[in-house]
Amino acid sequence: MTSHVGDIGLSDASVFPQVHPSYILAFQFSSWFPSFASISIRSTIIRPLDQSFKTYLESDGVFVPEGSEDVLAESTLSDDDEDSEKEGSDGFEPEAPHFSFPELDASIRAAIKKYQAVFPKLNFSSPKDAAWVLPMSSPLQCTSPAEVYLLLKSSDFITHDLNVERVFEGCGTDDRPSYDLELVLRKWYPMDRSREMRCFVRNDTLLGITQRDMNFYDYMIDPLTQRKIKSTIHSLWEEHIRPKWVSTQPDYIFDLLLTRDLSRAYVLDFNPYAPRTDPLLFAYEDLHDLLTRETREHGIANNLELPELRVVDSPMHPAATRNAPSHQHNMVPMEALNLSEGMSITEFSEIWKDEVKRAIEDDEKDP
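Residues numbered from 1 in each chain as written. Predicted model: local features only at pLDDT ≥ 70, side-chain atom pairs only at ≥ 80, totals over all residues. Heavy atoms only, no water.

Draft legend 1. The overall build of the protein, seen in detail. On a plain count of helices and strands, the protein comes out with 12 helices and eight strands. Of the contacts formed within the protein by residues at least 6 apart in sequence, a portion of 75% connects residues at least 24 apart. When the accessible surface of the protein is split by element, carbon and sulfur atoms take 51% of a total near 18900 Å². (Helix = DSSP H or I, 4+ residues; strand = E, 2+ residues; numbered from the N terminus. Contact = heavy atoms within 4.5 Å. Areas by Shrake-Rupley, 256 points an atom, 1.4 Å probe, with all protein chains shown as cover.)

Draft legend 2. The environment of F119, seen in detail. Residue position: F119 is located in strand β2 (residues 118-121). Expressed as a C-alpha distance, the spacing of F119 and Q141, which sit 22 residues apart in the sequence, is 5.5 Å. When sequence neighbours within four positions are dropped, the list of residues in contact with F119 reads L140, V184, L185, R186, K187, W188 and M191.

Draft legend 3. Spatial organisation of the sheet that holds strand β8 (residues 308-310). Strand order in the open sheet made by the five strands is β7-β6-β4-β5-β8, with mixed pairing throughout. The sheet terminates laterally at β7 (265-272) and β8, the two strands that pair on one side only. Within this sheet the neighbouring strands show an average axis-to-axis angle of 20 degrees, counted without direction. Strand direction decides the pairing type here: strand β5 (residues 205-211) and β8, joined by three bridges, are parallel. The residue bridging I209 from the neighbouring strand is L309, located in β8. (Pairing = 2+ DSSP bridges. Axes fitted to C-alpha atoms, helices over the stretch in contact; angles between N-to-C directions.)

Draft legend 4. A look at the packing of aromatic side chains. Scanning all chains against the criterion turns up 29 aromatic pairs. Judged by centre distance (4.8 Å) and plane angle (20 degrees), the ring pair of F29 and F33 falls under stacked. With F29 and F33 both in helix α2 (residues 29-36) and four residues apart, the pair spans about one turn of that helix. You can call F29 buried: its relative accessible area is 0%. Measuring from centroid to centroid gives 6.1 Å for F168 and Y179, while their planes differ by 80 degrees, and the two rings are edge-to-face. One end of the pair, F168, is in the loop between α8 (164-167) and β3 (183-187); the other, Y179, is in the loop between α8 and β3, and 11 residues separate them in sequence. An identical accessibility class is assigned to F168 and Y179; each is buried. (Phe/Tyr/Trp six-rings, centres within 6.5 Å; stacked < 30°, edge-to-face > 60°. Buried < 20%, exposed > 50% of the residue type's maximum accessible area, 1.4 Å probe, protein only.)

Draft legend 5. Region of the structure containing the packing of helix α5 (residues 102-115) against helix α6 (residues 145-154). In contact at an axis separation of 9 Å, α5 and α6 are set at 105 degrees when each is read in the N-to-C sense. Viewed along their axes, α5 and α6 adopt a mutual orientation that is roughly perpendicular. Where α5 abuts α6, its residues L104, D105, I108, R109 and I112 lie against P145, V148 and Y149. A breakdown of the residues in the contact of α5 with α6 according to their chemical character gives six nonpolar, no polar and two charged. (Parallel < 35°, antiparallel > 145°, perpendicular 65-115°, else oblique. Nonpolar A, V, L, I, M, F, W, Y, C, P; charged D, E, K, R; others polar.)

Draft legend 6. Summary view of the sheet that holds β3. An order of β1-β3-β2 is seen for the three strands of this open sheet, with the pairing classed as antiparallel. Of all the strands in the sheet, just β1 (43-46) and β2 have a single pairing partner and so form its edges. Looking at each pair of strands side by side, their axes are set apart by 20 degrees on average, direction ignored. Together, β1, β2 and β3 form the strand contacts of α5, whose direction differs from that of β3 by roughly 15 degrees.

Draft legend 7. Spotlight on the pattern of salt bridges. Under the defined criterion, the tally for this structure stands at 16 salt bridges. For D213, the salt bridge is made with R193, and the minimal N-O distance between the two is 3.5 Å. On the criterion of sequence distance, the pair formed by D213 in the loop between β5 and α9 (223-241) and R193 in the loop between β3 and β4 (196-202) is long-range, its members being 20 residues apart. For D213, a relative accessible area of 8% corresponds to the buried category. The exposure class of R193 is partly exposed, given its relative accessible area of 33%. Residue R202 is joined to D251 by a salt bridge in which the shortest nitrogen-to-oxygen separation is 2.9 Å. (Salt bridge = Lys/Arg side-chain N within 4 Å of Asp/Glu carboxyl O.)

Draft legend 8. Spatial organisation of the confidence of the model for the protein. Averaged over every residue, the pLDDT of the protein is 83; residues scoring 70 or more account for 74%. Scored below 50 in pLDDT, residues 1-11 makes 31 contacts in the model with residues more than four places away or belonging to other chains. Here residues 72-78 scores under 50 on pLDDT; set against residues more than four positions off or in separate chains, the count is 17 contacts. (pLDDT = per-residue confidence, 0-100.)

Spelled out as C-alpha cells, the structure:
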C-alpha cells in the first residue's frame, strides 16, 4: 500500500525501526496466526506451494486452471474451442499454457466444505483489489477453486508476494532466509467495514488507531463511542497481543474488526511498521511525534492519553471517498473479461477497439 512518509528520511531509525529479513517474515500469515488463532478468523494455511503455481500466477492473461471449476462461471477466461478457431490457415498460433492443480483444488474444496465459503490471500497480501470480478453482493466470497484462482490472477496486490526482492525490500542485505509461497483460506464473513481499525505499535507503545475504510460514519464521531473503541482495543492489545507478539522487535501494525457492540475485536492481519504499510489517517511523522511527546512527558509506561483515535469526522473530510469505488484503477468491464479469453494483450487490444467501434456505430443507428 502507498504510505505518506512526508519529509522524514526513511532511514531515520527514530521514525522507522531497522528492517531485517527475520522481522519481515514475522508478518507472513503462517508466522503470526498460530499465536493469535483464538482471537482471529478461522483459517487454513496451504504451504509450501510449488513453483508451477507461482508460474501460473505470473503468466499472462486471466484464466483458471483446468479442473478447478465446479460450475463453468461466466468470468472463466479459457476456451480451447475458440483458440482453435483463431488459428489462421496460413500460420500457426502457439498454444496457450495449460495449468492443472488437482491436489490444491482438493485442499481448497475441503476448506470450502469446512467454512461454507472462503476468501484467499497469500503470505502477506490479499486480492481485495480484484473483488470486482465476483458478485458485489458478496465481495471476495469464494465457493469454488476457480473463484479463488480468479481472484488471485486478477489482483495486482498479490504480485508483491511473488517477488522476493519486493518482499525483503528495505532490509539492506542480500543474505535472505528461505521464502515459501503459501495460500491462506479464511472463513468468509460479510464484514461491516466501518468497524475495521488499523493500530500502530512503536517501541512497545500503542500510539494510534485509525478507521480503515475512508468513508464518513456518523456514529463514529460520538465521544462515548470513540472512548469505547479506544478502551476495547487497548484492552485487547494489553491482554492478548502484546504478550504474544511473535517478533523480538516491538514495532508492528495490526488490523482488527470490532464486534457490533464494540466490546470485543478480532485480529485480521499484522503488517510491518515500515513505509510499505499505509498509515491511512495518520502520517508516520504524526506517530513519531506522539511517541516523542509520550516519552518526554509521561515515559513509556502507564501512559494515560494514548492511543490517539482518528476517524473521518465529516462527509467533507479530505480522506472521504464515499463516491469512489475502492481500487477502481484495477477494474475493467465484465465484457472485457469475457472477450479476453486466452488472448495476448495486443490481440485483446485490437478486438476491444473493434467492439467499442461497433457499439458506437450501433448507437448511432438507433432512433
